[in-house]
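Close look at the chain arrangement
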Amino acid sequence: MRVITEGRGSQLIVGTTKNCVLAGSFQLPFQLIVQGHTDELWGLATHPEQQQFITGGLDKMLVLWDALSKTAVWSLDFDVCTQAKWF
Amino acid sequence: MEFHPLDKNTIISCGKSHISFWAFEGCVLYKKLGIFDQRDKPKYVTCLAFTGTGDVLSGDSSGNVLIWARGTNVVAKVIRGAHDGPVFSILALKDGEIITGGGKDGRVLKWDPDLTKAEMETVVKNPESIHAQKSIPVLINTVYNTL
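Just so it is clear, the structure is predicted and the values come from calculations on it, not from any experiment.

1. Digging into the overall build of chain B
- Helix and strand content of chain B: 0 helices and 13 strands.
- Helices and strands appear in chain B in the N-to-C order β-β-β-β-β-β-β-β-β-β-β-β-β.
- Here the C-alpha radius of gyration of chain B, 21 Å, is well above what a compact globule of 147 residues would show, namely 15 Å.
- C-alpha extents for chain B along the principal axes are approximately 65 × 40 × 30 Å.
- Counting all 147 residues of chain B, 28% fall into the buried class.
- A fraction of 31% describes how many contacts in chain B between residues 6 or more apart in sequence connect residues 24 or more apart.

2. Let's talk about the pairing of strand β3 (residues 18-25) of chain B
All names here are of chain B.
- As paired elements, strand β2 (residues 10-15) and β3 share 6 bridges and run antiparallel to each other. In the sheet register, serine 13 faces β3, and the bridge partner there is serine 20.
- Between β2 and the antiparallel strand that follows it, β3, lie 2 residues; serine 17 among them carries a positive phi value of about 55 degrees.
- As defined by bridge partners, β3 adjoins strand β4 (residues 28-33) across 6 bridges and the pair is classed as antiparallel. Note on β4: the bridge partner recorded for phenylalanine 21 is lysine 32.
- In textbook terms, the turn of a hairpin is the stretch between consecutive antiparallel strands, and for β3 and β4 this stretch comprises 2 residues, one of which, glycine 26, has a positive phi near 60 degrees.

3. What about the sheet that holds strand β6 (residues 56-60) of chain B?
Residue and element names in this part refer to chain B.
- In spatial order, the strands read β5-β6-β7-β8; together these 4 strands make up an open sheet with antiparallel pairing. With one partner strand each, in any of the chains shown, β5 (45-50) and β8 (75-79) form the two edges of the open sheet. For this sheet the average axis-to-axis angle between neighbouring strands, irrespective of direction, equals 20 degrees.
- In terms of strand pairing, β5 meets β6 through 5 bridges, oriented antiparallel. By the bridge assignment for β6, alanine 49 is matched with leucine 57.

4. Quick word on the confidence of the model for chain A
- For chain A, per-residue confidence averages 86 on the pLDDT scale, and residues scoring 70 or more make up 100% of the total.
- When mean pLDDT is compared element by element in chain A, strand β2 (residues 12-15) of chain A scores highest at 91, while strand β9 (residues 82-86) of chain A scores lowest at 76.

5. Focus on the interface of chain A and chain B
- With 32 residues of chain A at the contact, the number on the chain B side is 27 residues.
- Broken down by secondary-structure element, the contributors of at least two residues to the side of chain A that touches chain B are β1 (3-6), β2, β3 (20-24), β4 (31-35), β6 (52-57), β8 (71-77) and β9 of chain A.
- Of the pairings in the sheet, the one linking β9 of chain A to strand β13 (residues 139-142) of chain B comprises 3 bridges and is antiparallel in character. When the sheet's bridge partners are listed, tryptophan 86 of chain A is paired in β13 of chain B with leucine 139 of chain B.

What counts as what
Residues numbered from 1 in each chain as written. Chains lettered and ligands numbered in written order. Predicted model: local features only at pLDDT ≥ 70, side-chain atom pairs only at ≥ 80, totals over all residues. Helix = DSSP H or I, 4+ residues; strand = E, 2+ residues; numbered from the N terminus. Rg over C-alpha atoms; globule rule 2.2 N^0.38 Å. Buried ≥ 20, exposed ≤ 12 C-beta atoms within 10 Å, placed from the backbone. Contact = placed C-beta atoms within 7 Å. Pairing = 2+ DSSP bridges. Axes fitted to C-alpha atoms, helices over the stretch in contact; angles between N-to-C directions. pLDDT = per-residue confidence, 0-100.

In structure tokens:
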């Protein structure tokens with residue numbers, strides 16, 4: 001956790017050192033709003049038909065994003081750093 | 001660095017082992033260093049906040065929260081060991097309650113306005129991977145020249 005700020009009502013927004021933004025409160029558990037990469041980004045590929053793209057890099061994370069909702073569809077912890085991607 | 005919300009021409013800055021109270025008079029900035037008790041002197045002062053009465057709150061790398069009385073450079077109160085590891089963020093709510101966040105322990109604490117006790121606690125964890133709903137074929141090239 002790196003920073004806390006006030007959201008709507010009793011909601012708290014938390015930014016973490018792993019480039020994530022979470023929202024929650026003392027009553028509700030914290031939920032992910034935005035997930036970010038934590039190291040250099042080396043690979044990006046767009047899906048040929050769908051509004052999606054995949055990113056990966058030296059943080060060993062692979063994330064499929066939805067371009068319309070701007071959220072992660074899924075993410076995967078890879079064992080090695082990745083560079084290029086193709087669909 | 002923060003501007004004091006109530007006292008005009010007052011700026012507070014913090015950093016490595018120090019907190020400074022600046023007064024802007026005429027065209028000159030005067031600096032007053034905050035005086036720490038020897039055992040409370042931290043490696044880094046990490047965050048600042050202001051209470052509704054104008055007192056300054058500081059969080060530091062030792063996990064302590066210090067209250068500096070308004071207009072002074074002396075500690076009015078110390079909460080030792082508020083967090084395990086550094087205090088990374090302090091937030092003063094409009095109703096006077098104080099929220100602090102720890103870096104290492106991931107805890108968020110809600111304190112009463114006098115910071116006598118932590119009323120509520122919650123833990124923020126780094127999120128795990130989001131599981132895929134359906135599989136899609138992807139080619140990936142790694143840094144070890146493999147595909």
